[in-house]
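Coordinate analysis (summary)
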Amino acid sequence: MIQSIEKKIKLAFAISIGSFLTSLAVVVAVCVFAYSLVNEQRKNIYVLDHNVPVLVRQTNQGTNREVEYEAHVNMFHLLFFTLPPDDEYIQNNLTKAMYLVDDTGLAQYNNLKEKGYYNSILSSSALLTIQTDSVVVDENRHFTYYARQRIERPTSIATRALVTEGDLQDVPRTDNNPHGLIIRNWKTVLNKDLAYVEKKNF
């Protein structure tokens, strides 16, 4: 009789412990689920478009980082190589470009300036524009930039192939550097003529 009572007590104790542990596991699971659900809902943001709420979704930085790599490289080259015959515009573009590159960009700018490159653009009323063909960024964030540069003068139009390369490094985002990247070890690996056409009216 006593042994039977002891067994019943042990069984009741085991059932109580099992119930407690099961309840604890359920509570933990519910808390984890609720926390993750709240975090997911926080990523949903409503913005007003002409007083109409539009649902947008917040993403982390890594989601769009590869796109930002290409955009940063493209932005720098557009600023550095878009050169109209306007000294103030050229200086403004190059100042913006220098925020996106390390001293290798400044070294190339100084080299071109010493050779009279920018003065020749002004004196010949040349218009230099660039068209990006592609930007290739590998897993080590080393990029290769492919483009065509168009050089239009009053008497001719020239097209050149341009290929540059360099490395990308994360830096804090600023108004002058919205992608939070800087180009390092930048250099031109190809810059050759593709076509030259004289204008017929001259």
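Presented here is a report on the structure given in the accompanying data block. (Residues numbered from 1 in each chain as written. Predicted model: local features only at pLDDT ≥ 70, side-chain atom pairs only at ≥ 80, totals over all residues. Heavy atoms only, no water.)

One pass over the structure, following the stated rule, counts seven aromatic pairs. Between F80 and W186 the ring centres are 5.1 Å apart and the planes differ by 75 degrees, which places this aromatic pair in the edge-to-face class. In this pair, F80 is assigned in helix 2 (residues 65-81) and W186 in strand 6 (residues 181-198), connecting sequence segments 106 residues apart. Cluster of aromatic residues (ring-pair linked, three or more members): F76, F80, F81 and W186. (Phe/Tyr/Trp six-rings, centres within 6.5 Å; stacked < 30°, edge-to-face > 60°. Helix = DSSP H or I, 4+ residues; strand = E, 2+ residues; numbered from the N terminus.)

Turning our attention to the sheet that holds strand 3 (residues 127-137). With respect to topology, four strands assemble into an open sheet ordered 3-4-5-6, the strand pairing being antiparallel. A strand with exactly one partner marks an edge of an open sheet, and here the two such strands are strand 3 and strand 6. The mean inter-strand angle of the sheet, taken between neighbouring strand axes irrespective of direction, is 20 degrees. Relative to strand 6, strand 5 (residues 156-170) is paired through 14 bridges, and the arrangement is antiparallel. If you follow E165 over to strand 6, its bridge partner there is K187. Each of strand 3, strand 4 (142-152), strand 5 and strand 6 is contacted by helix 2, which is oriented at about 55 degrees to strand 6, the strand it contacts most. (Pairing = 2+ DSSP bridges. Axes fitted to C-alpha atoms, helices over the stretch in contact; angles between N-to-C directions. Contact = heavy atoms within 4.5 Å.)

Note that E165 resides in strand 5. The spacing of E165 and F143 is 22 residues in sequence and 5.5 Å in space, taken between C-alpha atoms. In this view, E165 contacts H142, F143, T144, N185, W186, K187 and V189; residues no more than four positions away in its chain are not counted.

Time to look at helix 2. The terminal C-alpha atoms of helix 2, which comprises 17 residues, lie 24 Å apart, in line with the 24 Å expected from a rise of 1.5 Å per residue. R65, E68, Y69, H72, V73, F76, H77, L79, F80 and F81 are the residues of helix 2 that are buried. (Expected span 1.5 Å × (residues − 1). Buried < 20%, exposed > 50% of the residue type's maximum accessible area, 1.4 Å probe, protein only.)

A few words on the pattern of salt bridges. Scanning all chains against the criterion turns up nine salt bridges. With a shortest N-O distance of 2.8 Å, R150 and E152 are connected by a salt bridge. Taking the shortest distance from any N to any O, the salt bridge between E152 and K199 comes out at 3.0 Å. In this pair, E152 sits in strand 4 while K199 sits in the segment after strand 6, placing the two residues 47 residues apart along the sequence. (Salt bridge = Lys/Arg side-chain N within 4 Å of Asp/Glu carboxyl O.)

It is worth spelling out the environment of Y109 at this point. On the secondary structure map, Y109 appears in helix 4 (residues 103-114). Not counting residues within four places of it along the chain, the set of residues in contact with Y109 comprises F80, Q91, L94 and Y118.

This part is about the layout of surface pockets. The computed volume of the largest pocket comes to approximately 250 Å³. At the level of secondary structure, the elements contributing two or more residues to the lining of the largest pocket comprise helix 2, helix 4, helix 5 (117-123), strand 4, strand 5 and strand 6. Per-element accounting of the lining of the largest pocket gives the leading share, four residues, to helix 5. Across the lining of the largest pocket, the residue classes break down as 11 nonpolar, six polar and two charged. (1 Å grid on protein atoms, 1.4 Å probe; cavity = no way out; pocket = protein on both sides within 12 Å on 5 of 7 lines; lining within 4 Å. Points joined across faces, edges and corners; volume = space filled by probe spheres on them. Nonpolar A, V, L, I, M, F, W, Y, C, P; charged D, E, K, R; others polar.)

This is a description of form; function is not addressed.
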